[in-house]
Amino acid sequence: MKIGKLNVSIFKIKNRRGYAAVCAGHLTEGRTGQQAYDRMTKAIRRKKKRTA
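Definitions and limits used
Residues numbered from 1 in each chain as written. Predicted model: local features only at pLDDT ≥ 70, side-chain atom pairs only at ≥ 80, totals over all residues. Heavy atoms only, no water. Helix = DSSP H or I, 4+ residues; strand = E, 2+ residues; numbered from the N terminus. Buried < 20%, exposed > 50% of the residue type's maximum accessible area, 1.4 Å probe, protein only. Contact = heavy atoms within 4.5 Å. Areas by Shrake-Rupley, 256 points an atom, 1.4 Å probe, with all protein chains shown as cover. Pairing = 2+ DSSP bridges.

1. Re the overall build of the protein
1) Next: Summing up its helical and strand segments, the protein has 1 helix and 5 strands in all.
2) Next: Its helices and strands taken in sequence order, the protein reads β-β-β-β-β-α from the N to the C terminus.
3) Next: Taking all 52 residues of the protein together, the buried fraction comes to 31%.
4) Next: Of the contacts made within the protein by residues no fewer than 6 positions apart, 14% connect residues no fewer than 24 positions apart.
5) Next: Carbon together with sulfur atoms contributes 50% to the accessible area of the protein, which is approximately 4,200 Å² in total.

Spelled out as structure tokens, the structure:
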């Protein structure tokens, strides 16, 4: 999956319930892959706003 030009990796977390998403040095977790992706989009937006 992608957010703009950035690649997002989503994977099942071993020994835990849920999924994780990794992108541009950020890590987010969620119960489903879609929830982890949605949280990642929010984290990426927040990062851009702070640096701009």
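That shown, we press on.
2. Looking at the pairing of strand β5 (residues 26-30)
1) Next: Judged by which residues are buried, β5 turns out to be one-sided: His26, Thr28 and Gly30 face inward and are buried, whereas Leu27 and Glu29, on the alternate face, are not.
2) Next: With 5 bridges connecting them, strand β4 (residues 19-23) and β5 associate as antiparallel partners. Within β5, the position partnered with Cys23 by the bridge is His26.
3) Next: Linking β4 to β5, which pair antiparallel, is a turn of 2 residues; within it Ala24 sits at a positive phi near 50°.

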